[in-house]
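Residues per chain are reported as follows:
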Amino acid sequence: MSNPEHIGHTYLVELLCKVRAKLAKSALLAALRRRCPGAQPLDDDPSAGSLHFLHTDQPVEYADATLPAQTLIVENDKPPDPGTFEPAIRQSWHFPEARERVSRCGASVVVSDLLAASLERHRRLELFQNCVAAALEVVACETIFWRPSQLMIDPETFLADLARPGYPRLFAGAVNVRLFNISGAAGELVMDTMGLAIFGLPDVQCHFCGLSPNDVGPLLYDTARYLFDSGDAIEDGQTVSGLPREARWRCQHEMALVGPERVVLDVSPGAPHAAGRGE
């Protein structure tokens, strides 16, 4: 039970800046080619025109044609509305400076992919992250709003994570673990991931009580990474490692308890820690 309605959605992040970036196309193209060697301007003009690029080494097969994946970069000189980012700010646990950084910003640069949804998901994410990293070489950015994962991330942290040998690319901005209290249910918490649905995969969810979020969070990250690497391969009724690690927690596909509406893989800790309908 995957998320087919999300396949085809554009992958998008917003680089929030103090002032308008005024990007030079030639500098941006040079940065892209350092990280994405097949990058070419759509209009064949390397120094002027739209910031729309083809990736000639990343072909995407369609029923009647083969087209290269594409990247579109757009400057926006409208001041960002801080309220738009508040839900992400509240759930960006590793970036406590996010709210203050957003308050400084008066412009942004949007980086998105086009015709890339059919790329194998590891290739798609790697290509997109490389394009974001290239844009950061020429954009003075205060914070990155990673829309699919609803995460605010410090640009330096993102670049450092991307450069770490063996570091899972999914954890460099592309997945976030969120935490919510359940209204009217004292002691009940929901933790879930954001970021997998755009790849047509279920996010991960746990509804529990009597456990530390600091312990549940890493389990959700690990399960999300497994799904990203292996696909929607955990069937209803199968189990994953729980807490303690030798425990087995039962999995079930269902609709998310917390929006946006999407399919999740619910991981139940069982008695005495399962909440709601968990057993």
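Values in this document were obtained by computation on a predicted structure and should not be read as measured data. (Residues numbered from 1 in each chain as written. Predicted model: local features only at pLDDT ≥ 70, side-chain atom pairs only at ≥ 80, totals over all residues. Heavy atoms only, no water.)

Participant: Report on the overall build of the protein chain, specifying residues and quantitative values.
Facilitator: On a plain count of helices and strands, the protein chain comes out with 6 helices and 13 strands. For the protein chain, whose C-alpha radius of gyration is 20 Å, the value lies close to the compact-globule estimate of 19 Å for 279 residues. For the C-alpha atoms alone, the extent of the protein chain along its principal axes is close to 65 × 45 × 35 Å. Among the 279 residues that make up the protein chain, the fraction classed as buried is 51%. Nonlocal contacts in the protein chain, meaning residues at least 24 apart in sequence, comprise 61% of its contacts between residues at least 6 apart. With the model as given, the accessible surface of the protein chain reaches about 12800 Å², and the carbon-plus-sulfur share is 52%. Seen as two clouds, the 25 positive and the 36 negative side-chain charges of the protein chain have centres 5 Å apart. (Helix = DSSP H or I, 4+ residues; strand = E, 2+ residues; numbered from the N terminus. Rg over C-alpha atoms; globule rule 2.2 N^0.38 Å. Buried < 20%, exposed > 50% of the residue type's maximum accessible area, 1.4 Å probe, protein only. Contact = heavy atoms within 4.5 Å. Areas by Shrake-Rupley, 256 points an atom, 1.4 Å probe, with all protein chains shown as cover. Lys, Arg positive; Asp, Glu negative; His and termini not counted. Charge placed at Lys NZ, Arg CZ, Asp CG, Glu CD.)

Participant: Report on the sheet that holds strand E6 (residues 143–146), specifying residues and quantitative values.
Facilitator: The strands that make up a sheet pair up through hydrogen bonds in the backbone, lying either parallel or antiparallel. An order of E2-E3-E4-E5-E1-E6-E7 is seen for the 7 strands of this open sheet, with the pairing classed as antiparallel. Two strands in the sheet have a free side with no partner beyond their single neighbour: strand E2 (39–41) and strand E7 (151–153). If you compare each strand with its neighbour and ignore which way they point, the axes differ by 25° on average. Against the sheet, helix H5 (residues 155–163) contacts E6 and E7, and its axis sits at roughly 70° relative to E6. (Pairing = 2+ DSSP bridges. Axes fitted to C-alpha atoms, helices over the stretch in contact; angles between N-to-C directions.)

Participant: Outline unusual backbone geometry, listing residues and values.
Facilitator: Cis geometry marks the peptide bond from Leu-243 to Pro-244; its omega dihedral reads -5°. Its location among the elements puts Pro-244 in the loop between strand E11 (239–241) and strand E12 (248–255). Backbone torsion omega between Gly-259 and Pro-260 reads 5°, so that peptide bond is classified as cis. On the secondary structure map, Pro-260 appears in the loop between E12 and strand E13 (263–268). One non-glycine residue, Lys-22, adopts positive backbone phi at about 50°. Assignment of secondary structure puts Lys-22 in the loop between strand E1 (12–17) and helix H1 (25–35). Its relative accessible area of 66% is what places Lys-22 among the exposed residues. Notably, Gln-150 is not glycine yet its phi reads approximately 50°, a positive angle. With relative accessibility at 22%, the residue Gln-150 sits in the partly exposed group.

Keep in mind that these numbers describe shape and distance, not what the molecule does.
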